[in-house]
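Each chain, written out:
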2 protein chains.
Amino acid sequence: MSDNLPKLEKQTDLSAAIAERIRQDILSGALVADDRLPSESELSETHGVSRATVREALKRLAAQSLIRTKRGATGGAFVHRQSFEDAYTQMASNATLLITLNEVDITTACEARFALERGCVRLAAKHRQDHHLDKMRAEITRQKDPELSDEAFCASDVAFHRALVDAAGNPVLSWQLAAAVEGIEPLMNMLTYRQRDRDAVISLHEAMVEALEARVGARLEILMDYLRDQTLRTALS
Amino acid sequence: MSDNLPKLEKQTDLSAAIAERIRQDILSGALVADDRLPSESELSETHGVSRATVREALKRLAAQSLIRTKRGATGGAFVHRQSFEDAYTQMASNATLLITLNEVDITTACEARFALERGCVRLAAKHRQDHHLDKMRAEITRQKDPELSDEAFCASDVAFHRALVDAAGNPVLSWQLAAAVEGIEPLMNMLTYRQRDRDAVISLHEAMVEALEARVGARLEILMDYLRDQTLRTALS
DNA sequence: GGCAAGTCAAATGTCTGACAATTTACCAAA
DNA sequence: TTTGGTAAATTGTCAGACATTTGACTTGCC
């Protein structure tokens, strides 16, 4: 385990220091997924602090999804193998927080989103499968409903683009991009789409599905650029 | 504050429930950046739990950089305005964790990294300033040193690409991409570059700086593709 | 032998009350 | 005016207790 004596932890706050020690043990591979940590009592002894302090440290790690705890006889704290779902959720909330707390303007956010997404359309063209197309077409059908609220339209838009990213068949990519898109959603929700705007977006979506079906990455890139410009126009009007 | 009585929290674990309540207050805007939360004693009264439990809840929030605490007379817990630096650090460690714990293979990681980066080179070409070019050229000079360890070479590579991304002039983009690149670094560090590989990478870097200086985004995209292929060849050899 | 119920032990979750450490505000004296 | 010291508020830490959960073990019955 960690019998190191780092100097950083003299800056008070034992619970943070201990959390960091255990964290390093996990990051360094000394503890691997599903390993069980010593019990709270043992940890309090080995680290020379009270159980309350150990618990605060463990809560910090739990908040980062580094460990999970289970009660009972065979319980304890276990190194948590973070799923893509977990990571995605955490990143999305992280992104949301960052964007709302720092008052990022919608132009910057849009620019970032479309730039990232543009980067993966070639992979999507290469690896897309039929069910991705089906999903996207289903969302387009929803988007055509003139009764749809702006918010629901936006949600469908997110779903459409998530399917596009998933089509790239790369989980790391899906995870990063989905989080980015979702983080920007609060901003996008503030947009009001006129019917003309919606029609323009839907036309582009339809063209994108066609290009994806035909596996023409270059065309997808161009369409993404159009979509970005269209969205920015909507935002600034 | 939150005098709601959500049903979810009957699933035991009061500290998580209370953390979630406060978290919602922050996310919903009831508490804004730099607001001071009630003291631990007050919170324990209003939520009807002990101070220890409140503290565990606060540690969870602190671990997510949602709050920061200060001791002393005017101390307390304050809603933390997460800086881009904070978010970047958190995302990078998140990415590292996900990739190491889930044994993502280097092909997938590389593919994702270059796909994302490719998406922002056009913006970089548009907004780059001279100091970006300077930084990149400096890194190229470092990379030419044949004494450089593989790890140092890789670190310089990360710095080079970070400068490229920064050139896009979009903080959201910088933040997302820098985190992604850094998260993948542990995997890249496992690569061993032969001198021939390094020369190839350096040539591409030089060409990229030229293209960036001339603001030719399309050429940058092509070079990125070459670089991706080159890196994958190195990885698979 | 096999099954069911009860018991026990280990571990996390929570509470209580205390003390330590830190920081600011305030007040008094030089 | 400045300096120093004291008090108060607040987080950080500790020790010990009890509650709750859960799996393993034991016992007794069929």
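Residues numbered from 1 in each chain as written. Chains lettered and ligands numbered in written order. Predicted model: local features only at pLDDT ≥ 70, side-chain atom pairs only at ≥ 80, totals over all residues. Heavy atoms only, no water.

## Some words on the domain arrangement of chain A
Selection criterion: Throughout, the edges of the domains are those of an automatic or database domain assignment.
If you check the domain split of chain A, you get domain 1 (8-79) and domain 2 (84-236). Put simply, the middle of domain 1 of chain A and the middle of domain 2 of chain A, counted by C-alpha atoms, are 39 Å apart.

## Section: the protein's contact with DNA strand D
We apply this condition: The near set for a molecule or strand comprises every residue that places at least one heavy atom within 4 Å of it. Pairs of N or O atoms are called polar contacts if they sit within 3.5 Å, as long as, within protein, a hydrogen donor faces a hydrogen acceptor (for residues adjacent in sequence, only side-chain-to-side-chain pairs). A helix here means a DSSP run of H or I that spans at least four residues, while a strand means a run of E at least two residues long, and both kinds are numbered starting from the N terminus. Polarity classes work like this: nonpolar for Ala, Val, Leu, Ile, Met, Phe, Trp, Tyr, Cys and Pro, charged for Asp, Glu, Lys and Arg, and polar for all others, with Gly in that last group.
Lining the immediate environment of DNA strand D, one finds 24 residues, of which Leu14(A), Ser50(A), Thr53(A), Arg51(B) and Arg55(B) sit closest. The sugar and phosphate moieties of DNA strand D supply 71% of its atoms located within 4 Å of the protein. In this structure, Ser50(A) approaches DNA strand D through a main-chain N or O atom, which is 2.9 Å from a phosphate oxygen. Note that a phosphate oxygen of DNA strand D is positioned 3.2 Å from one of the side-chain N or O atoms of Thr69(B). When residues of the surface near DNA strand D are traced back to their parent elements, those giving at least two are helix H1 (14-27) and helix H3 (51-63) of chain A together with helix H3 (51-63) and strand E1 (67-70) of chain B. Considering every element that reaches the surface near DNA strand D, the biggest residue donor is H3(B), with 3 residues. Considering only residue class, the surface near DNA strand D consists of 4 nonpolar, 10 polar and 10 charged.

## Thoughts on the packing of helix H9 (residues 195-213) of chain A against helix H10 (residues 217-236) of chain A
All names here are of chain A. Just so we agree on the cut-off: Orientation is described by axes fitted as lines to C-alpha atoms, over the contacting stretch for helices, and by angles from 0 to 180 degrees between their N-to-C directions. Here is the rule for angles: anything less than 35 degrees is roughly parallel, anything more than 145 is roughly antiparallel, 65 through 115 is roughly perpendicular, and the remaining ranges are oblique. Handedness of each helix crossing follows the sense of rotation of the near helix against the far helix: counterclockwise by less than a right angle gives left-handed, clockwise gives right-handed. Any two residues whose heavy atoms approach within 4.5 Å at even a single point are treated as in contact.
For the pair H9 and H10, the least separation of the axes is 10 Å and the interaxial angle reads 165°. Our classification of the angle between H9 and H10 gives roughly antiparallel. Our pair here, H9 against H10, has a crossing hand that is left-handed. Taken together, the residues of H10 that come into contact with H9 (itself represented by Asp197, Ala200, Val201, Leu204, His205, Ala207, Met208, Ala211 and Leu212) are Arg219, Leu220, Leu223, Met224, Tyr226, Leu227, Gln230 and Thr234. Across the contact of H9 with H10, the residue classes break down as 12 nonpolar, 3 polar and 2 charged.

## Thoughts on H1(A)
Residues and elements named next belong to chain A. For clarity, the cut-off: For a helix, the expected span equals 1.5 Å multiplied by the residue count minus one. Buried, partly exposed and exposed residues are distinguished by accessible area as a fraction of the type maximum, computed with a 1.4 Å probe on protein chains only: under 20%, between the cut-offs, and over 50%, respectively.
Between its terminal C-alpha atoms H1 stretches 20 Å, which fits the 20 Å expected from 14 residues at 1.5 Å a residue. Listing the buried residues of H1 in full gives Ser15, Ala17, Ile18, Ala19, Arg21, Ile22, Arg23, Asp25 and Ile26. After H1 finishes, the residue glycine 29 shows a positive phi value of roughly 95°.

## Focus: the interface of chain B and chain A
Convention followed: Buried area is a sum: the accessible area each of two parts loses on coming together, probed at 1.4 Å, counted once for each and added. Salt bridge, as used here, is a side-chain nitrogen of Lys or Arg placed within 4 Å of a carboxyl oxygen of Asp or Glu.
Taken together, the contact between chain B and chain A spans 50 residues of the former and 50 residues of the latter. When chain B packs against chain A, the two sides together hide about 4,800 Å² of surface, and 61% of this comes from carbon and sulfur. Remark: the boundary between chain B and chain A carries 4 salt bridges. As a salt-bridge pair, Glu56(B) and Arg55(A) come within 2.7 Å of each other at their nearest N and O atoms. At the surface where chain B touches chain A, the tally comes to 10 residue pairs in polar contact (both at pLDDT 80 or more). Of all the secondary-structure elements, those providing two or more residues to the side of chain B that touches chain A are helix H1 (14-27), H3, helix H4 (84-101), helix H5 (106-118), helix H6 (121-127) and helix H9 (171-188) of chain B. Tallying contributions element by element places H4(B) first for the side of chain B that touches chain A, with 11 residues.

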